[in-house]
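As a plain string of letters, each chain reads:
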Amino acid sequence: MDVLLTNDDGINADGLRHLYAALIARGHHVNVVAPVRQQSGVGHSLTVFEPLRSKKIVDGDFEGNGIYGTPTDCVKLGLGCLSPRRPDLVMSGINLGPNAGPDLFYSGTVGAAAEAAHDNVPSMAISWGGFSPSPLLGKIAEHAVGLAEKIDWQALAPRRVINVNYPNLKVEDMKGLRVCPQSLAVWRNIYEERKDPRGSSYWWLDGDVPKDSILEGTDKDLLARGYITVTPLRFEYTDEAGIAALEKMGL
């Protein structure tokens, strides 16, 4: 396969490097177009009022294009300018930290995959439950590449993202793989007010997802129980039931 590889943790991130190595080892052609800087939490944001610049990154057996922009910028540039041919698949990750349930709305990892899907390119977002670089990522990357090879992408509806989350475990200790829906639980936001050295206030975001709001069998539930979760996503926002309700109102 020709794979366009990106992420939101940056082109030097451990997860992306492991995924790159696993793809190359399996004989795939990989074109890396990824942010130079950390871009977690930027969602599907796009750079429109500043120029986008690229620099070539060569590090041993690794090479790629580092972009001073968002993950969405990277996919747009990768598909439009920086790929020798249209890729068969866009892979985004491996992200440090899960992207399940409400995380999807904020994730640059998922945002990059969604941008590919909007251009009708099959895409996969891959995340891991740990938050620090780990040797576990090598085996996880190998598993993710095997999963991408196993999926019949042509059998899926157009413009879909396959969102994959791995628990913070060794692959051999994971309970298996489950295809499941996204959790609809929401974050309970907590903003801690602090003072800077000059006495001015600033706020630091914290919070959690209340456990009693996570439905059994959804991605956040299964991930917490040690399963690999696979959730197909779509991004058609039109509410058909809402249309029907508004039409009944005579609008």
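All residue numbers refer to position in the chain's written sequence, counted from 1. Local features are withheld for residues below a pLDDT of 70 in this predicted model, meaning they are given only at 70 or higher, and side-chain atom pairs are given and counted only at 80 or more; totals for whole chains, interfaces and linings count all residues. Side-chain numbers here rest on the full set of heavy atoms in the structure, without hydrogens or water.

Enquirer: Before we go on, may I ask you to explain the overall build of the protein in this structure?
Expert: Elements are defined by DSSP. Helices are runs of H or I of four residues or more, strands are runs of E of two residues or more, and each kind is numbered from the N terminus. Across its full length, the protein carries six helices and eleven strands. Computed over its C-alpha atoms, the radius of gyration of the protein comes to 19 Å, within 12% of the 18 Å expected for a compact globule of 251 residues. Counting only C-alpha atoms and orienting by the principal axes, one finds that the protein spans roughly 55 × 55 × 45 Å. Three labels apply to residues, based on accessible area from a 1.4 Å probe with only protein chains included: buried if under 20% of the type maximum, exposed if over 50%, partly exposed otherwise in between. Taken over 251 residues, the protein has a buried fraction of 47%. Between two residues, a contact is recorded if the distance between any of their heavy atoms is within 4.5 Å. Long-range pairs, those at least 24 residues apart, make up 76% of the contacts in the protein between residues at least 6 apart in sequence. Charge convention: Lys and Arg are scored as positive, Asp and Glu as negative, and His as well as the terminal groups of each chain are ignored. Where a charge sits is defined by one atom per residue type, namely NZ (Lys), CZ (Arg), CG (Asp) or CD (Glu). If you average the places of the 25 positive and of the 31 negative side-chain charges in the protein, the two averages end up 1 Å apart. Radius of gyration means the value over C-alpha atoms here, while the globule rule gives 2.2 Å times the residue count to the 0.38 power.

Enquirer: Would you take a moment to explain the nonpolar core for this structure?
Expert: It is characteristic of soluble globular proteins that their nonpolar side chains tend to be buried jointly. Nine residue types can take part in a nonpolar core, namely buried Ala, Val, Leu, Ile, Met, Phe, Trp, Tyr and Cys, and a core is a set of them joined through side-chain atoms within 4.5 Å. Core analysis: the biggest nonpolar cluster contains 34 residues, and Leu5, Leu19, Val32, Met91, Met124 and Tyr166 have the highest contact counts within it. Going through the elements one at a time, β1 (2–6), α1 (14–25), β2 (29–35), β5 (89–96), β6 (123–128), α4 (136–150), β7 (160–166) and β11 (228–234) are the ones with two or more residues in this core. For this core, the element with the most residues is α4, which contributes seven residues. Each residue touching tyrosine 166, except ones within four places of it in the same chain, is listed here: Ile126, Ser127, Trp128, Gly129, Ile140, His143, Ala144, Leu147, Met174, Leu223 and Ile228. Judged by nonpolar contacts, the second largest core, of eleven residues, contains Cys74, Val75, Ala112 and Ala116.

Enquirer: Explanation requested: the side chain of serine 134 in the structure shown.
Expert: Structurally, the position occupied by serine 134 is in the loop between β6 and α4. Any pair of N or O atoms that falls within 3.5 Å is considered a polar contact. Within protein, one atom must be able to donate a hydrogen and the other to accept it, and sequence-neighbouring residues count only if both atoms are side-chain atoms. Reaching out from serine 134, the side chain makes a polar contact with the backbone nitrogen of leucine 136 at a distance of 3.0 Å. Those residues in contact with serine 134 that sit more than four places away from it in its chain are Asp14, His18 and Trp128.

Enquirer: Can you help me understand the pattern of salt bridges in this one?
Expert: Opposite charge on two side chains lets them pair, provided their charged atoms get close. Any Lys or Arg side-chain nitrogen located within 4 Å of an Asp or Glu carboxyl oxygen qualifies as a salt bridge. What the rule picks out here adds up to twelve salt bridges. As a salt-bridge pair, arginine 85 and aspartate 2 come within 3.0 Å of each other at their nearest N and O atoms. Residue arginine 85 is located in the loop between α2 (71–80) and β5, and its partner aspartate 2 is located in strand β1; the two are separated by 83 residues in the primary sequence. Residue classification places aspartate 2 among the buried residues on the basis of a relative accessible area of 16%. One salt bridge connects arginine 17 with aspartate 59, and the closest N-O pair in it is separated by 3.0 Å. Taken together, the residues arginine 17 in helix α1 and aspartate 59 in strand β3 (residues 54–59) connect sequence positions 42 residues apart.

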